[in-house]
Amino acid sequence: MTLLSADEVDAVITALTATYPDARPELDFRNPYELMVAVVLSAQCTDKRVNLVTRELFARYPCVDDLAAAQYDDVAAIIRTCGLFQTKARNIIAASQMVRDSFQSTIPMQRELLMQLPGVGRKSANVIISCAGNGNAIAVDTHVFRVSKRIGLSDGKNVWQVEQDLMQATPENIWSHLHHILIFHGRRCCDARKPECLRCPVNTTCRWPEKRQAD
Ligand code: SF4
């Protein structure tokens, strides 16, 4: 598969931007602390479920120092409807303790420091940097990975390679925007099992060989 030309990349970004003018983070948060917690909870869980859970969690623990001092059983009870809630409860308490003890209770905005926090990997760090830190980063989640490869923005074999391809193909100042329009497209049109290619705004450019002619 040949990757998209520079003109085709521009055309895809223009089309997806026009289709999803409201593309933005779908996790609810008011500050970096809340985003860090929401991102950790979102692993293998829908954003909708996380938003329900964090409403109660943040009312009970309004700042990172509050969560750092929380009891595991209390936190686990609040987030029990999220998948892997036991591990996540341990991680968000431990991450909050590390932020309190090592970073003066301020969520760091450097990827290397964020990735030291329990439960925060490269993808989560990129989400925090781009959504709460006004930085430029492309978080490659399952939607970004699938859509990028189908369209022809990347032929990477893993998330790291896809992230590198996307960074090479696009200017740094749109990386965060690109992340959001690809997620929106993956959720609303380019479904993993049933992509709606006939109504897709980039179906004339998309490289996916199995593009369906009849949805
Ligand atoms: S044409 Fe189909 S496979 Fe390609 S991006 Fe659109 S929905 Fe996805």
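Glancing now at the site of the ligand. In the neighbourhood of the ligand, the contacting residues comprise Arg 150, Ile 151, His 185, Cys 190, Pro 195, Cys 197, Cys 200, Val 202, Asn 203, Cys 206, Trp 208 and Lys 211. Counting atoms within 2 Å of the grid points, the majority share of the ligand lands in the largest cavity. Looking at the shell around the ligand residue by residue, the class counts come to 8 nonpolar, 2 polar and 2 charged.

Before going further, it helps to spend a moment on the nonpolar core. Formed by 40 residues in total, the largest nonpolar core has its most connected members in Val 37, Leu 57 and Val 75. For this core, the elements supplying multiple residues, two or more each, are α2 (32-41), α3 (47-60), α4 (64-68), α5 (72-78), α6 (85-102) and α8 (122-132). With near-sequence residues (within four places) excluded, Val 37 lies in contact with Leu 57, Phe 58, Leu 67 and Ile 92. Of all hydrophobic cores here, the second largest spans 31 residues; its members include Ile 13, Phe 184, Cys 190 and Cys 200.

Positionally, Lys 88 belongs in helix α6. One buried charge, Lys 88, has no salt-bridge partner; the nearest side chain with opposite charge is Asp 47, at 9.6 Å. From its side chain, Lys 88 meets the backbone oxygen of Ala 43 in a polar contact 2.5 Å long.

Let us look at the domain arrangement of the chain. Each assigned domain of the chain is listed here: domain 1 (6-23 + 138-199) and domain 2 (32-132). The gap between the C-alpha centroids of domain 1 and domain 2 is 26 Å. Taken together, the contact between domain 1 and domain 2 spans 11 residues of the former and 8 residues of the latter. For the pair domain 1 and domain 2, the two sides together bury roughly 640 Å², of which 50% comes from carbon and sulfur. Three residues, Ala 139, Glu 163 and Ser 176, lead the burial of domain 1 against domain 2; their summed loss comes to 44% of the area buried on that side. Viewed at the interface, domain 2 and domain 1 are joined by 2 salt bridges. Of the charged contacts, one joins Asp 47 and Arg 187 as a salt bridge, the two residues approaching to 3.1 Å between their closest N and O atoms. Here domain 1 is connected to domain 2 by 4 residue pairs in polar contact (both at pLDDT 80 or more). Where the side of domain 1 that touches domain 2 is concerned, the elements lending two or more residues are α10 (159-169) and α11 (175-188). Take the side of domain 1 that touches domain 2: its biggest share by element is 4 residues, from α11. Counted by class, the side of domain 1 that touches domain 2 contains 4 nonpolar, 4 polar and 3 charged residues.

Procedures and definitions
Residues numbered from 1 in each chain as written. Predicted model: local features only at pLDDT ≥ 70, side-chain atom pairs only at ≥ 80, totals over all residues. Heavy atoms only, no water. Near = heavy atom within 4 Å. 1 Å grid on protein atoms, 1.4 Å probe; cavity = no way out; pocket = protein on both sides within 12 Å on 5 of 7 lines; lining within 4 Å. Sits in = over half its atoms within 2 Å of the grid points. Nonpolar A, V, L, I, M, F, W, Y, C, P; charged D, E, K, R; others polar. Core = buried A, V, L, I, M, F, W, Y, C linked by side-chain atoms within 4.5 Å. Buried < 20%, exposed > 50% of the residue type's maximum accessible area, 1.4 Å probe, protein only. Helix = DSSP H or I, 4+ residues; strand = E, 2+ residues; numbered from the N terminus. Contact = heavy atoms within 4.5 Å. Lys, Arg positive; Asp, Glu negative; His and termini not counted. Salt bridge = Lys/Arg side-chain N within 4 Å of Asp/Glu carboxyl O. Polar contact = N/O pair within 3.5 Å; in protein donor to acceptor, adjacent residues only side chain to side chain. Domains from an automatic or database assignment. Buried area = accessible area lost by both parts, 1.4 Å probe.

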